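Observations on the three-dimensional arrangement
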Amino acid sequence: MQQSAARVLSGPEKLAAVTKLVNTLRQDLSDGSLSPQQRDAALEDLKGIETLTRHSFDSDSSTTSRNALRCLCNALLLAPEARQKYVDLGYEAKACSKLIGVIRAVHEYASEEVKTSIRQKLLPTETDRNEVLGMGTSVPSWLLKNTTNPLTPHLRETISDLLFEMSDKDPTTFVSNVGYGFASGYLFSRNLPVPDAAAEISGGIGGGENRPINPVTGQFLDRERQPDLPEMTDEEREREAERLFILFERANGVISVENPVRTAVEQGRFEELPDDYQEDVD
C-alpha cells in the first residue's frame, strides 16, 4: 500500500517552515553542518519565494510581516536565483516604498549633520546636472525617474514627499533641487505656490560654484546641447519671412493678430534683396 502524499503546507505553517529552513541555512554558513546535498535541497526549497514575499507585503499582521521580511532578506541573500523570482512577482515597488518611508522618518528627526549626509546622497549633484535631471544612472536619477512612474503611484508619491522634505518644504528650494519639470506637478497637486522667479534659479550645488541652471530640466546651462544647424543665408531668411507673412495674413482671418513682418516693413527694418544679390563669403 502506497503512503499518502505529504500534506501541503500553507499560510502560517508554510511561513514557519520556510523560517526554519532559512535559519538552518544561516547556521550552515557558520558551522558547515549541512552536506552539499542537504544544502542544495534547502536552496531548492527556497525557490518558493512567493509565500515569503506575500506574507512580507500583504499580511494584515505587522508581526508576521516583519518576520517574513527578515526571512525574505535572508533567502534573497542565500539563494541568488530567488532574486529574479522576487522581481517577477512585482513587489519591488512595495519594498522601495517601505525603504523610502524609513528614510523619511530618519530624515525628519535626524540631526542637521545626518540630514546633510542624506541630502548629499539623494539630491541631484553637480555631476547629475551635467545632463537633464533623471536621465542618469545615479541614485538621485533613479528617484527622479520614479516620481513620474505611472505604474507605481504609492512609490511615486513617497519619493516626491521625501524630495520636498529634503528641500525644507520650500517650493523655491524644491524647484532648485529637482527642476521645475519634476517639481511642478507635485506643487500643483498640493495647491502649493509655484515660484515666480523659477527662471532665475542658479545653482551653488553642495557649496560649489554658482552656475546658471535650466529651471525646467535642472541641467547646467553651459552643458546643454545646442542644435547643430547651419546658419541660414540671406535668401533663406527672406523666404522664411515670406512664409511667416503669409501665415500671419491667413491667421488674421480667424483671430486678430499683428503681423510682425508687415510691422518690420513699415518700420523700415525689412530689406528686400534684389534678384541678382550674391552673399559675400569670407
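Our subject is the structure listed above.
Structure report, in brief.

Reading guide: rules and limits
Residues numbered from 1 in each chain as written. Predicted model: local features only at pLDDT ≥ 70, side-chain atom pairs only at ≥ 80, totals over all residues. Heavy atoms only, no water. Helix = DSSP H or I, 4+ residues; strand = E, 2+ residues; numbered from the N terminus. Buried < 20%, exposed > 50% of the residue type's maximum accessible area, 1.4 Å probe, protein only. Patch = residues over 30% accessible without salt bridge, like charges linked within 9 Å, V, L, I, M, F, W, Y side chains within 5 Å. Areas by Shrake-Rupley, 256 points an atom, 1.4 Å probe, with all protein chains shown as cover. Salt bridge = Lys/Arg side-chain N within 4 Å of Asp/Glu carboxyl O. Polar contact = N/O pair within 3.5 Å; in protein donor to acceptor, adjacent residues only side chain to side chain. Contact = heavy atoms within 4.5 Å.

So, on to unusual backbone geometry. Despite not being glycine, D168 shows a phi value in the positive range, around 60°. Inspection of the secondary structure assignment puts D168 in the loop between α9 (153-165) and α10 (171-178). Look at K169: it is not a glycine, yet its phi comes out positive at around 55°. Structurally, K169 is set in the loop between α9 and α10. What makes K169 exposed here is its relative accessible area of 56%.

Quick look at a nonpolar patch on the surface now. Taken together, the side chains of V102, V106 and V114 make up a nonpolar region of the molecular surface, amounting to roughly 220 Å² of accessible area. Along the chain, V106 turns up in helix α6 (residues 92-109).

Below, the discussion takes up the side chain of H107. Considering the arrangement of structural elements, one finds H107 in helix α6. Side-chain polar atoms of H107 contact the side chain of R119, separated by 3.1 Å. The contacts of H107, once residues within four sequence positions are left out, are K115, I118, R119, E165 and M166.

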